[in-house]
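Residue-level structural notes
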Amino acid sequence: MKVTVVGAGAVGASCAEYIAIKDFASEVVLIDIKEGFAEGKAMDLMQTASLNGFDTKITGTTNDYSKTADSDIAVITSGIPRKPGMTREELISTNAGIVKSVAENLIKHSPNVIIIVVSNPMDTMTYLAHKATGLPKNRIIGMGGALDSARFKYRLAEALDCPASDVDGMVIGGHSDTGMIPLTRLATRNSVPVSKFLSDDKLNYVLEETKVGGATLTKLLGTSAWYAPGAAVSAMVQAIACDTKKMFPSSCMLDGEYGLSDICIGVPAIIGRNGIEKIVEIELDDAEKAKLAESADAVKKTNGLL
Ligand code: NAI
């Protein structure tokens, strides 16, 4: 199993590290435009192999796509991250050109590749990758909901004072501060609805903190986060590589599901060897439906800037 990670920056390198530590891929290729950067990150990571006990071979290249040939999976993290006070949407003018050319280069050398898009504004970049490559809709997946759901579970566990592994919860909708929809109605602690334990005020706090989860970290770090994003991407890569058919809210090209078409937005999806194996349509209540429609309008507006 060969995985290419485009962009050897904070998220790309973190993703490569988690993939290597989990030891399910034979090869990870890091590729970056910054001269020597991917080679350096790859060498640094390879020097952890004997310490961390993995056999995955990690190599790096400066923009030589022939080294990515015949990748099974490619992750696109290339582009600029946001700075404190910026929205993800403000990155579009720089990142659109990068994501388009990267996606085109990837499929030239790996015609059967499954692509996971991470670069922001992620839903629009996923849509762009679809339009630029014309790949079947199961083979391009946007990563946002997996991360937002992990952040939701972190906030729920904090409010419940319990381990995050006891909590289940999902965030759908656009990957933006205003577009994401944490589904508090469906969140549970060991199968018991969280509303049994938390007041409306507490639940509202969890909801609001989840929505600004990325912005909170950007303010603290001076740039956007990388550990949880890298872990979220690597979990999706593992689901494809090992055909686990695990469900992640993912940005999928919709064709009538949830009443939406010609848009990539976060919905629950089963991820396996074919990429998106199935989009799962869950029953939303009227308020959730209205929020999803509003979120979709915002994503379409950003798509209009392409
Ligand atoms: P970073 O600046 O640390 O790394 C980006 C890397 O991309 C740099 O090393 C840069 O040289 C490289 N790059 C730029 N143009 C390239 C090209 N044409 N080909 C190959 N490499 C190129 O940024 P970071 O923190 O890793 O973030 C990457 C992207 O991921 C940003 O757009 C950020 O907003 C996004 N992001 C998305 C998340 C999500 O949930 N979808 C979560 C976190 C970040």
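Here the structure is a predicted model, which is why all the values come from computation and not from measurement.

What counts and how
- Residues numbered from 1 in each chain as written.
- Predicted model: local features only at pLDDT ≥ 70, side-chain atom pairs only at ≥ 80, totals over all residues.
- Heavy atoms only, no water.
- Helix = DSSP H or I, 4+ residues; strand = E, 2+ residues; numbered from the N terminus.
- Buried < 20%, exposed > 50% of the residue type's maximum accessible area, 1.4 Å probe, protein only.
- Lys, Arg positive; Asp, Glu negative; His and termini not counted.
- Salt bridge = Lys/Arg side-chain N within 4 Å of Asp/Glu carboxyl O.
- Contact = heavy atoms within 4.5 Å.
- Near = heavy atom within 4 Å.
- Polar contact = N/O pair within 3.5 Å; in protein donor to acceptor, adjacent residues only side chain to side chain.
- Nonpolar A, V, L, I, M, F, W, Y, C, P; charged D, E, K, R; others polar.
- Phe/Tyr/Trp six-rings, centres within 6.5 Å; stacked < 30°, edge-to-face > 60°.
- Lys NZ or Arg CZ within 6 Å of the ring centre and 35° of its normal.
- Pairing = 2+ DSSP bridges.
- Core = buried A, V, L, I, M, F, W, Y, C linked by side-chain atoms within 4.5 Å.
- Axes fitted to C-alpha atoms, helices over the stretch in contact; angles between N-to-C directions.
- Parallel < 35°, antiparallel > 145°, perpendicular 65-115°, else oblique.
- Left-handed = near helix turned anticlockwise from the far one by under 90°.
- UniProt positions renumbered as here; feature names shortened; annotations may be inferred.

Looking at where D148 falls in the secondary structure, it is placed in helix 6 (residues 145-160). One buried charge, D148, has no salt-bridge partner; the nearest side chain with opposite charge is R151, at 4.4 Å. The contact partners of D148, leaving out residues within four places of it in the chain, are V171, H175, M180 and T210.

Quick look at the site of the ligand now. Around the ligand lies a shell of 28 residues, among which A10, V11, D32, I80 and M143 are the nearest. Here a nitrogen atom of the ligand and a backbone polar atom of M143 are 2.8 Å apart. Between the ligand and H175, the relevant distance is 3.1 Å, taken from an oxygen atom to a side-chain nitrogen or oxygen of the residue. At the level of secondary structure, the elements contributing two or more residues to the shell around the ligand comprise helix 1 (10-22) and helix 4 (92-109). In terms of residue count, helix 4 provides more of the shell around the ligand than any other element does, three residues in total. Residues belonging to the shell around the ligand are distributed by class as follows: 16 nonpolar, 10 polar and two charged.

In this section: the environment of G230. With respect to the element layout, G230 can be found in helix 9 (residues 227-241). As a C-alpha pair, G230 and I19 span 211 residues in sequence and 9.0 Å in three-dimensional space. Ignoring sequence-local partners within four residues, the contact set of G230 consists of V11, S14, C15 and Y18.

With that out of the way, let us pick up the packing of aromatic side chains. Geometry of an aromatic ring pair is reported as the spacing of the ring centres plus the angle between the planes. This model, assessed by the stated rule, comprises one aromatic pair. On the numbers, 5.7 Å between centres and 50° between planes, the contact of W226 with Y227 is tilted. W226 sits in the partly exposed class, given a relative accessible area of 27%. Over the aromatic face of F37 sits the side chain of K34, whose NZ or CZ is 4.0 Å from the ring centroid. Against the face of F197 rests R189, its NZ or CZ located 5.2 Å from the ring centre.

What follows deals with the environment of G173. Among the secondary structure elements, G173 is positioned in strand 8 (residues 171-173). Measuring from C-alpha to C-alpha, the distance between G173 and G272 comes to 21 Å, with 99 residues separating the pair along the chain. With residues up to four places along the chain from it excluded, the contact list for G173 reads G179, I181, I265, G266, L292 and S295.

Judged by pairing direction, the sheet is antiparallel, and its three strands sit side by side in the order 7-10-11 without closing on themselves. Each end of this open sheet is capped by a strand with a single partner; those strands are strand 7 (167-168) and strand 11 (192-193).

In this structure, L30, I116, M143 and V237 are the most contacted members of the largest nonpolar core, which totals 54 residues. Discounting chain neighbours no more than four positions away, the residues touching M143 are I116, V117, V118, M122, P229, A232, V233 and M236. One finds V6, V102, A103 and M125 within the second-largest nonpolar core, a separate group that totals 19 residues.

With that settled, consider the packing of helix 4 against helix 5 (residues 122-133). Between two packed helices, both the angle of their axes relative to each other and the distance between the axes serve to describe the pair. Following both chains from N to C, one finds helix 4 and helix 5 inclined at 40°, their axes separated by 9 Å at the closest point. Accordingly, the angle class assigned to the pair helix 4 and helix 5 is oblique. Here the hand of the crossing between helix 4 and helix 5 comes out right-handed. Residues I92, N95, A96, V99, K100, A103, E104 and I107 of helix 4 form the contact with helix 5, whose own contacting residues are T124, M125, L128, A129, A132 and T133. In the contact of helix 4 with helix 5, the residues fall into nine nonpolar, three polar and two charged.

This next bit is on the UniProt feature "domain: Lactate/malate dehydrogenase N-terminal" (unreviewed entry) in the chain. The UniProt record marks residues 1-142 with the feature "domain: Lactate/malate dehydrogenase N-terminal" (unreviewed entry), using the residue numbering of this structure. Taken end to end, residues 1-142 is 40% helix and 20% strand, and its first and last C-alpha atoms sit 20 Å apart.

Take R82: it is sitting in the loop between strand 4 (73-76) and helix 4. Given a relative accessible area of 5%, R82 falls into the buried group. At 3.2 Å, the side chain of R82 and the backbone oxygen of M86 are in polar contact. For R82, the contacting residues outside a window of four places in its chain are T87, R88, L91, D177, G214, A215, T218, T223 and S224.

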